[in-house]
Amino acid sequence: MAPKIGVLALQGAVAEHIHSLQSAGAEAVPVKRPEELEALDGLVIPGGESTTIGKLMRKYGFIEAIRQFHAQGKPLFGTCAGLIVLAKEIEGGEEAHLGLMDMTVVRNAFGRQRESFETELDIKGIDEPIRAVFIRAPLIGRVGPGVDVLSVYKDEIVAAREGSLLAASFHPELTDDYRLHAYFADMVREAAAAKTQA
Amino acid sequence: MLETGTSRVKRGMAEMQKGGVIMDVMNAEQAKIAEAAGATAVMALERVPSDIRAAGGVARMADPTVLEEVMKVVSIPVMAKARIGHYVEARVLEALGADYIDESEVLTPADEVFHIDKREFTVPFVCGAKDLGEALRRIQEGASMMRTKGEPGTGNIVEAVRHMRLITGQIRKVQSLSKDELYAEAKNLGVPYELLLNVHETGKLPVVNFAAGGVATPSDAALMMHLGADGVFVGSGIFKSDNPERFARAIVEATTHYTDYKLIAEVSKNLGAPMKGIEISKLASHERMSDRGW
């Protein structure tokens, strides 16, 4: 059965994630209200502006709702701004948003927009390199012992996984390569299957 | 191989702004208010459009210190305006580190024939359009984001509505044409056939399209989202209102939840007076900024 995955639709690249998830064989819907999480097996927090998304999450009660969603073992996938939202710590003393994933992120780590770039990137668990688009991207400065580093670019961590949490600095939703979304859909499928058995 | 300034990187940056509100600011203090209210980017200016109207004379790129001051205090992207065709102003803004350049009719055009060759730049550009032909011409020149022209600095939404409806209506028409009819339509619109074919196949512009030029209230922002805008620019609307902070927050929320009328009602309460606004028919033809560019 196709896993049902939501895309947090407060601001950012929502339609692109929905398209990529559907292309990867998942059912995908936008999520604007916390109560819509109940029907879902997994959630993507998209790229956008993390300050805007964080503010709107607080305003509409998403922080607690997503923490509970996570406590039920349901997977979360954050890209770019979504990665910042997942992190336990943001460098520079800015208040963490969800504070779930044991890592410290550095915002706008590669510079301003003129320094934004795309490149080939190797990712652990995916056979061939993928085309990764970095836009005013954050990087992962520190990871805790339970975090598995999935990708490194020029000595900096740009993708990682901690149990049911997946995070990437770049934008897999901006290309026609759906393998990272398929990877996440597999995580969601496995988590849902484990739950049914239990 | 690392590649900067690719079309995916430039258009992708605009994708990340979707569902957001980009606010005009004139100094660091206003920029902080905009960021705190949830703006996805700010446009650093010396004067907002309504002040440009009032002042008259030639409107140019802002003093670089305004841009620098704003970039220092916010973590969100900072945009800046260059005059139509003034590619040196654009190069200066790029050198300063602006994240997006608006080749804008709000400023006095520097060239009456040629727009900036935007493909040559690493920094992405946003441009205004009144209709589909204009939008596709700007995209052909390398614009990575579009917006309606509306009528800036008027606080009157009517022109932005006209432009958005016209563009979406023209897109629907292009979709309904047969492929062999597209050649003549490309000639009618004055646009390259390949771009028109892309619109025919996808039913949308190949780049993000925001609303701009006259958004003054939360309901105005929500209306533009209904009409198909990917997000909104608010120029004079915020810092010419009685309570900029509350106004800014209310417009952000109304843009996110544009179909939730109860929420829009709630955020619209006791906002104080919006900017005064101008009836479009009271503008002389030389005062209409939307007629600049082609």
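None of the values given here were measured: they were computed from a predicted structure. Along each chain, the written sequence defines residue order, and numbers are assigned to residues from 1. Here the convention is simple: chains get letters from A, ligands get numbers from 1, in the order in which they are written. With pLDDT at 70 or above as the cut-off, local features in this predicted model cover only qualifying residues; side-chain atom pairs require 80 or more to be listed or tallied, and sums for whole chains, interfaces and linings still use all residues. Side-chain measures were taken over the full set of non-hydrogen atoms in the model, leaving aside hydrogen atoms and water.

Novice: Could you give an account of the overall build of chain A, with specific residues and numbers?
Specialist: For the purposes of this entry, the term helix denotes a DSSP run of H or I that reaches at least four residues, the term strand denotes a run of E that reaches at least two, and both are numbered from the N terminus. Helix and strand counts for chain A come out as five helices and 12 strands. Taken against the 2.2 N^0.38 rule, which gives 16 Å for 198 residues, the C-alpha radius of gyration of chain A at 15 Å falls within 12% of a compact globule. When its C-alpha atoms are laid out on the principal axes, chain A stretches across 45 × 40 × 35 Å. Using a 1.4 Å probe on the protein chains alone, a residue whose accessible area is under 20% of its type maximum counts as buried, one over 50% counts as exposed, and one in between counts as partly exposed. Expressed as a percentage of its 198 residues, the buried residues of chain A come to 59%. Residues count as neighbours in contact if any of their non-hydrogen atoms are within 4.5 Å of one another. Of all intrachain contacts in chain A linking residues separated by at least 6 positions in sequence, the fraction that spans at least 24 positions is 65%. Carbon together with sulfur atoms contributes 50% to the accessible area of chain A, which is approximately 7500 Å² in total. A positive count includes Lys and Arg, and a negative count includes Asp and Glu. His and the chain ends are not counted in either. Just so you know, the charge point we use is NZ for Lys, CZ for Arg, CG for Asp and CD for Glu. Once the 21 positive and 28 negative side-chain charges of chain A are each reduced to a mean point, those two points are 6 Å apart. For this measure, only C-alpha atoms enter the radius of gyration; the expected value for a globule follows 2.2 Å times N^0.38, where N is the number of residues. In short, Shrake-Rupley with a 1.4 Å probe defines the accessible areas, and a residue's cover is counted only from the protein chains shown.

Novice: Got a sec to walk through the interface of chain B and chain A? Specific residues and values, please.
Specialist: The interface of chain B with chain A comprises 42 residues on the first partner and 38 residues on the second. Buried area adds together the accessible area that both of two parts lose upon being put together, with accessible area traced by a 1.4 Å probe. For the pairing of chain B and chain A, the buried interface totals around 3100 Å² over both sides, and the portion due to carbon and sulfur atoms is 51%. The term salt bridge refers to a pairing of a side-chain nitrogen on Lys or Arg with a carboxyl oxygen on Asp or Glu at a separation within 4 Å. For the pair chain B and chain A, the interface holds seven salt bridges. Counted as a polar contact is a pair of N or O atoms within 3.5 Å, where, for protein atoms, one must be capable of donating a hydrogen and the other of accepting one, and residues adjacent in sequence contribute only when both atoms are in side chains. In this assembly, chain B and chain A are joined by 26 residue pairs in polar contact (both at pLDDT 80 or more). Listing elements by their share of the side of chain B that touches chain A, those giving two or more residues are strand E1 (3-4), helix H1 (7-15), helix H2 (28-37), helix H5 (87-96) and helix H12 (244-256) of chain B. Broken down by element, the residue count for the side of chain B that touches chain A peaks at six residues, all from H1(B). Its residues assigned to classes, the side of chain B that touches chain A shows 18 nonpolar, 14 polar and 10 charged. Here strand E7 (residues 117-121) of chain A pairs with E1(B) via two bridges, running antiparallel. Residue pairing across strands places Glu118(A) opposite Glu3(B), the latter belonging to E1(B). Gly counts as polar in this scheme, as do all residues outside two lists: the nonpolar Ala, Val, Leu, Ile, Met, Phe, Trp, Tyr, Cys and Pro, and the charged Asp, Glu, Lys and Arg. Here, any two strands with at least 2 DSSP bridges between them count as paired.

Novice: Quick rundown of H2(B)? Include the residues and the values.
Specialist: Residues Ala28(B), Gln30(B), Ala31(B), Ala34(B), Glu35(B) and Ala37(B) constitute the buried set of H2(B). Packed against the buried residues of H2(B) are helix H2 (50-59) of chain A together with strand E2 (21-25), strand E3 (41-44), helix H4 (64-73), helix H11 (236-239) and H12 of chain B. In this structure Asn27(B) caps H2(B), since a side-chain oxygen of it lies 3.2 Å from the backbone nitrogen of Glu29(B). Positive backbone phi, approximately 105 degrees, marks Gly38(B), located one or two places after H2(B).

Novice: How would you summarise a nonpolar patch on the surface if you had to cite specific residues and measurements?
Specialist: Exposure above 30% relative accessible area and the absence of a salt bridge qualify a residue for a patch, where like charges join within 9 Å and nonpolar side chains (Val, Leu, Ile, Met, Phe, Trp, Tyr) within 5 Å. On the surface, Tyr87(B), Val88(B) and Val92(B) cluster together into a nonpolar patch covering about 280 Å² of accessible area. Relative to the helices and strands, Val92(B) is located in helix H5.

Novice: Please give an account of the packing of helix H10 (residues 218-226) of chain B against helix H13 (residues 261-268) of chain B that cites residues and values.
Specialist: In a pair of packed helices, the angle between the axes and the distance between the axes together describe the arrangement. All names here are of chain B. Two elements in contact, H10 and H13, have axes whose closest approach is 9 Å; the angle formed by their N-to-C orientations is 155 degrees. The angle between H10 and H13 falls in the class roughly antiparallel. Contacts between H10 and H13 involve Pro-218, Ser-219, Ala-222 and His-226 on the former and, on the latter, Tyr-261, Ile-264, Val-267 and Ser-268. Grouping the amino acids of the contact of H10 with H13 by side-chain chemistry returns five nonpolar, three polar and no charged. Whenever a helix is involved, its axis is fitted only over the stretch in contact; in every case the axis is a line through C-alpha atoms, and angles between N-to-C directions fall within 0 to 180 degrees. Our angle categories are set so that under 35 degrees counts as roughly parallel, over 145 as roughly antiparallel, 65 to 115 as roughly perpendicular, and the remainder as oblique.

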